[in-house]
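Architecture and fold: a report
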Amino acid sequence: MTTTADSFDIISGLAEDPYQARVEQVYQDDPELWRTVIGEDLWFQFGLYGGDARSLDEVGARYFDRQIDLAGLPEQARVGRILDVGFGWGTTLLHMARRFPDCPRIDGVNISDTQVSYAAGRLAAAGLADRIQLYHCNAQDIDLIPDREPGYDLIVLRGSIGHLTMPTLEAAMKAISVRASDNAALVISETLYNIPLIDYESAIPDEVDRLACGHRKTLAYLTDVLARNSFAIRDLQELPSGPEAIRWLEEVGANIDRSLKLLPQPFVELREVADNLSAALRAGKAGVYSVVARRLP
């Protein structure tokens, strides 16, 4: 069922996702606090250092642009329709609208009411509300997004897979496959594990489900999910590199230590994630992976 709010649509599927409330909890705080921690532009999924890219904003944009380049979509390429699954605070939506000015429709999916409402205001202020449609929608319900045609030419999942349970990821990828056009580009950035999860032990004991990322996935599992849903991998690499990912985590951690005295719980968890994930990256137990795939006809 689809209902309309002031500036976005709400899609309600038939099946409940009991994990959704936990993910919503993570992003219920003022986005200005997140801006203090991850940068003015609110890039949230690591970054690529080097050249003139130094700030969190610059390295975040550089990483996303590199991924889109790897997908074979240069600036101002002809893209008919885009889907961004888990768009955060709207930064990737803004970036794609500017990179592909002739794309008539960009759809964004997110389950955080705080993030959807904030992104709606941000896009309206940028004069892009007519091209970008936001949906308060669980990833498992992507197939309920209105207007089945045209299909999606570009689908982006950056940092969102980590928030999904395995059943939700399976349902989401099945729906994405159905809604993708032939040869559509799929761009993923995600922290994935290089060893069987039964053998993985956190450097900091998992006493809480930090940042609603407790449903860890291995690289092997994700590539299998893609193959079973008719996506062929065209580029797969650890990007950013381990040292770059650790540098980003250290900067975020330093911002938390310097800027926030009375920490809301998500930032306490983010600070622990910075240390815990850095240890896993150094040990080679995990990596931040860039995956580019194409939908087979």
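Here the structure is a predicted model, which means the values were calculated and not measured.

Remarks on the nonpolar core
By size, the foremost hydrophobic cluster in this structure holds 36 residues, and its most contacted members are Trp34, Phe46, Trp248, Val252 and Leu277. Mapped by element, the contributors of at least two residues to this core are helix 1 (20–26), helix 2 (31–38), helix 3 (56–70), helix 8 (242–259), helix 9 (265–282) and strand 9 (286–295). Among the elements that make up this core, the one with the highest residue count is helix 9 (7 residues). In this structure Phe46 touches Val59, Gly60, Tyr63, Thr191, Pro240, Ala245, Trp248, Leu249, Leu277 and Val288, once residues within four positions along its chain are discounted.

Looking at the environment of Ala180
Relative to the assigned elements, Ala180 resides in strand 7 (residues 180–193). Linking Ala180 and Ala280, residues 100 residues apart in sequence, is a C-alpha distance of 34 Å. Filtering out sequence-adjacent residues up to four positions away, Ala180 remains in contact with Tyr152, Ile155, Phe231 and Arg295.

Points about unusual backbone geometry
Residue Pro150 is bonded to the preceding Glu149 through a cis peptide linkage, with omega at -5°. In this fold, Pro150 is placed in the loop between strand 5 (132–136) and strand 6 (152–158). Omega for the bond connecting Leu239 with Pro240 falls within 30 degrees of zero, at 0°, which places this linkage in the cis form. Along the chain, Pro240 turns up in the loop between strand 8 (231–238) and helix 8.

Overview of the packing of helix 2 against helix 9
Here helix 2 crosses helix 9 at 20°, and the two axes come no closer than 11 Å. As judged from the angle between their axes, helix 2 and helix 9 are roughly parallel. When you trace helix 2 past helix 9, the crossing you get is right-handed. Where helix 2 abuts helix 9, its residues Leu33, Trp34 and Val37 lie against Pro266, Phe267 and Leu270. Of the residues in the contact of helix 2 with helix 9, the class split is 6 nonpolar, no polar and no charged.

Considering the state of the cysteines
By the definition in use, this model includes 0 disulfides. With no disulfide of its own, Cys103 has Cys137 as its nearest cysteine by sulfur position, at a separation of 19 Å. Its relative accessible area of 1% is what places Cys103 among the buried residues. In this structure Cys137 comes out as buried when scored by relative accessible area, which is 1%.

What counts and how
Residues numbered from 1 in each chain as written. Predicted model: local features only at pLDDT ≥ 70, side-chain atom pairs only at ≥ 80, totals over all residues. Heavy atoms only, no water. Core = buried A, V, L, I, M, F, W, Y, C linked by side-chain atoms within 4.5 Å. Buried < 20%, exposed > 50% of the residue type's maximum accessible area, 1.4 Å probe, protein only. Helix = DSSP H or I, 4+ residues; strand = E, 2+ residues; numbered from the N terminus. Contact = heavy atoms within 4.5 Å. Axes fitted to C-alpha atoms, helices over the stretch in contact; angles between N-to-C directions. Parallel < 35°, antiparallel > 145°, perpendicular 65-115°, else oblique. Left-handed = near helix turned anticlockwise from the far one by under 90°. Nonpolar A, V, L, I, M, F, W, Y, C, P; charged D, E, K, R; others polar. Disulfide = S-S within 2.5 Å.

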